[in-house]
Amino acid sequence: MEITMPYYSGFLCAVPTKNKDAYIASARKAWPIFEEYGCIGTVETWGVDVPDGKLTSFPLATKKTEDETVVFSWMVWPDKTTCDDAWGRMMEDPRMAEMMDMPFDGKRMMWGGFEPIFTAGSAS
C-alpha cells in the first residue's frame with residue numbers, strides 16, 4: 001500500500017483593506033468548487049501583525065500599499081497529483097472564469113505548491 005502525503009498550494013497577496021468583506025465572500029464562493037475538485041481544506045488569513053522589512057517581508061513581496069492588507073492562504077490536497085489535476089480542470093470550469101474579477105490586484109499575487117517535510121501537533 002502506497003502512503004501519500006498531503007500537498008499544499010498557497011498564495012500571498014495584498015488586498016485593499018476596504019475589500020476585506022468582498023475577499024471573504026470570494027473565498028467562500030470558491031471553496032465549494034475547490035472541494036468538488038478534491039481539496040480537503042483551506043485556510044484564509046488576514047494580516048494583523050505583518051511588519052515591513054528592509055530587505056525582505058510580506059509587504060515588500062506583495063508591493064503592499066498603505067491602504068492594503070497582506071493575505072496569506074493555503075489549500076490542503078490529498079496529494080500533488082490531485083492538486084495538479086484539479087487546477088487543470090478548474091481552469092476550464094466556467095464557474096472559475098466568473099471568479100476572475102478578484103477584489104485585489106492579481107498581478108502582485110504569488111503562489112506555489114509545497115510538500116510537507118515536518119509536521120507536529122494539531123497541524124499533522
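Conventions used here
- Residues numbered from 1 in each chain as written.
- Predicted model: local features only at pLDDT ≥ 70, side-chain atom pairs only at ≥ 80, totals over all residues.
- Heavy atoms only, no water.
- Salt bridge = Lys/Arg side-chain N within 4 Å of Asp/Glu carboxyl O.
- Helix = DSSP H or I, 4+ residues; strand = E, 2+ residues; numbered from the N terminus.
- Buried < 20%, exposed > 50% of the residue type's maximum accessible area, 1.4 Å probe, protein only.
- Polar contact = N/O pair within 3.5 Å; in protein donor to acceptor, adjacent residues only side chain to side chain.
- Contact = heavy atoms within 4.5 Å.
- Lys, Arg positive; Asp, Glu negative; His and termini not counted.
- Phe/Tyr/Trp six-rings, centres within 6.5 Å; stacked < 30°, edge-to-face > 60°.

## A few points about the pattern of salt bridges
Alright, step 1. Inspection of every chain in the model, using the stated rule, returns six salt bridges.
Alright, step 2. Here glutamate 36 and arginine 95 are joined by a salt bridge, their closest N and O atoms 3.0 Å apart. One end of the pair, glutamate 36, is in helix α1 (residues 20-36); the other, arginine 95, is in helix α4 (residues 94-98), with 59 residues separating them in the sequence.
Alright, step 3. Look at arginine 95 and you get partly exposed, because its relative accessible area is 30%.
Alright, step 4. Of the charged contacts, one joins aspartate 105 and arginine 108 as a salt bridge, the two residues approaching to 3.2 Å between their closest N and O atoms.
Alright, step 5. A cluster of three or more residues bridged by salt bridges with shared partners is formed by Glu36, Asp93 and Arg95.

## Comments concerning the side chain of serine 57
Alright, step 1. Residue position: serine 57 is located in the loop between β2 (41-46) and α2 (58-62).
Alright, step 2. On the basis of relative accessibility, which here comes to 16%, the residue serine 57 falls in the buried class.
Alright, step 3. Here the side chain of serine 57 touches glycine 53 through a polar contact of 3.2 Å, landing on its backbone nitrogen.
Alright, step 4. Only 3.1 Å separates the side chain of serine 57 from the backbone nitrogen of leucine 60, close enough to count as a polar contact.
Alright, step 5. Apart from residues lying up to four places away in sequence, serine 57 is in contact with Pro51 and Asp52.

## Some points on the side chain of aspartate 79
Alright, step 1. Relative to the elements of secondary structure, aspartate 79 occurs in the loop between β3 (68-77) and α3 (80-90).
Alright, step 2. The side chain of aspartate 79 is buried and forms no salt bridge, while lysine 80, the nearest opposite charge, is found at 9.3 Å.
Alright, step 3. In this structure aspartate 79 touches Thr4, Met5 and Tyr7, once residues within four positions along its chain are discounted.

## What about the packing of aromatic side chains?
Alright, step 1. For the structure shown, the criterion picks out four aromatic pairs.
Alright, step 2. Judged by centre distance (5.3 Å) and plane angle (50°), the ring pair of phenylalanine 72 and tryptophan 74 falls under tilted.
Alright, step 3. When its relative accessible area of 28% is taken as the criterion, tryptophan 74 is described as partly exposed.
Alright, step 4. Every member of this aromatic cluster is reached through a ring pair, and the members are Phe58, Phe72 and Trp74.

That's the geometry; what it means functionally is another story.
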